[in-house]
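Structural overview
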Amino acid sequence: MTLGTLLTGCVVVGVAMVASRVLRGSLRSVAQRRTAFSSSILYTIERLIHYVVLCIGAVIALSVVGIDFSKLALVASALSVGIGFGLQAIFSNFVSGLIILVERALKVGDYVQLESGVIGVVTEITVRATIITTLENAEVIVPNSEFVNGKVTNWTHTNNYCRLRIPFGVAYGTDKDRMRDVVLAAIGELPQTLLDFPGRSPSVIMKGFGDSSLDFELLVWVKPEYAAQQSGTRSAFLWTIDTALVDAGIVVPFPQRDLHIVSDYKDQAIRDSEG
């Protein structure tokens, strides 16, 4: 290995990085002229092109430098056990990242919920980790292996339509048919509500008899642009339902409890006076 071959190897790596950037730029130009590529598909192809070109460049650079791959294989096999334990998590995340990109079970823009409780929108997928932006605009870096080995709820995997369940209650004796009409008419005015879609019309179902109320649930499909804004969308539906019920004179009850206080001292005084 000489200084000249080392510089040549660095040049090869640099050329590979430039080639990757040019190829990805050309792909974006083609995608802008054609509507067949969605943003998630384009992102996946770009990532794969980037990794493939860099791997090819690294192999060529090592060959130019003069590294004998047969000897390198012997060294790698000798160190594989120790390195395997040390890099097991990193390698697992790397393979998981490739699986995610190839299978496309997870895409940029998906609204997901993890077993750990993290909820948000996928903004970037790298070979080691996936970045999720929460509703509070916090960026959470999640190892890719958690998506492959754990349970992930993807609200927008095949499409961006999702249905919300909004619970509420009304007082006993309420005209249920009138209440249903009032609620459906009110939420029908909201921009989040998906209307005129076969099989996905909003509905009100009865859940049971509560301690202080008749318990109902609004089942409503929301438009794709609101699928990743569930907290704000739920709040909008609850706000509208409460306003509509109050304006219609329909009582929304609250739990009531009777509290009985018995004083031992008072009872004793009464018994003493009677005695």
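Just above, that's the structure.
Residues numbered from 1 in each chain as written. Predicted model: local features only at pLDDT ≥ 70, side-chain atom pairs only at ≥ 80, totals over all residues. Heavy atoms only, no water.

**Here we look at the packing of aromatic side chains**
How two aromatic rings sit relative to each other is set out by the distance from centre to centre and by the angle between their planes. What counts is decided by this rule: When the centres of two rings from Phe, Tyr and Trp lie within 6.5 Å, Trp using its six-membered ring, the rings pair. Their planes under 30 degrees apart give stacked, over 60 give edge-to-face, and anything left gives tilted. Runs of H or I in DSSP of at least four residues are treated as helices and runs of E of at least two as strands, each being numbered from the N terminus. A simple rule labels every residue: compare its accessible area, found with a 1.4 Å probe on the protein chains alone, to the largest value its type can have, and call it buried under 20%, exposed over 50%, or partly exposed in between. Criterion for a charge above a ring: Lys NZ or Arg CZ within 6 Å of the ring centre, and within 35 degrees of the ring normal.
Summed over all chains, the structure comprises three aromatic pairs. With 6.0 Å between their ring centres and 20° between their planes, Phe168 and Phe216 make a pair best called stacked. Here Phe216 lies in strand S8 (residues 214-222) and Phe168 lies in strand S6 (residues 162-170), a separation of 48 residues in the sequence. Each member of the pair, Phe168 together with Phe216, is buried. Taking 6.5 Å as the distance between ring centres and 10° as the angle between the ring planes, the aromatic pair formed by Tyr172 and Phe209 counts as stacked. Of this pair, Tyr172 sits in the loop between S6 and helix H6 (176-187) while Phe209 sits in strand S7 (residues 203-209), and the two are 37 residues apart along the sequence. Accessibility expressed as a relative area gives 44% for Tyr172, which makes it partly exposed. In this structure, Arg200 is placed above the aromatic ring of Trp221, and the distance from its NZ or CZ to the ring centre is 4.5 Å.

**Points about the pattern of salt bridges**
Note the cut-off: One side-chain nitrogen of Lys or Arg within 4 Å of one carboxyl oxygen of Asp or Glu is enough to make a salt bridge.
In the structure shown here, the tally under the stated rule is five salt bridges. Between Asp181 and Arg180 there is a salt bridge, and its shortest N-O distance comes to 3.9 Å. Using a relative accessible area of 33% as the deciding quantity, one classes Arg180 as partly exposed. One salt bridge connects Lys207 with Glu217, and the closest N-O pair in it is separated by 3.9 Å. A residue pair is termed long-range when its members are at least 10 positions apart, and Lys207 in strand S7 and Glu217 in strand S8 qualify at ten residues. The class for Lys207 is exposed, based on a relative accessible area of 52%. Overall, Glu217 belongs to the buried group, its relative accessible area being 10%.

**Considering the pairing of S7**
Defined as follows: One bridge is not enough; two strands pair if DSSP finds at least two bridges between them.
With six bridges joining them, S7 and S8 adopt antiparallel strand pairing. When the bridges of S8 are listed, Met206 appears paired with Phe216.

**Let's talk about the environment of Leu106**
The line we're drawing: Contact between two residues is taken to exist if any of their heavy atoms lie within 4.5 Å; hydrogens are not considered.
Among the secondary structure elements, Leu106 is positioned in the loop between helix H4 (88-103) and strand S1 (111-114). We classify Leu106 as buried; its relative accessible area is 7%. Excluding anything up to four places from it in sequence, Leu106 contacts Ile100, Val112, Val122, Ile125, Thr130, Phe147 and Asn154.

**Regarding the sheet that holds S8**
As a reminder, the rule being used: Geometry is summarised by axes, namely lines fitted to C-alpha atoms with helices restricted to the contacting stretch, and by angles between N-to-C directions that run from 0 to 180 degrees.
Judged by pairing direction, the sheet is antiparallel, and its three strands sit side by side in the order S6-S8-S7 without closing on themselves. Only two strands of the sheet have a single neighbouring strand rather than two, namely S6 and S7. The average undirected angle you get between the axes of adjacent strands in this sheet is 25°. Strand contacts of H6: S6, S7 and S8, with the helix running at about 30° to S8, the strand carrying the most contacts. Contacts from helix H7 (residues 230-247) reach S6 and S8, with the element oriented near 35° to S6.

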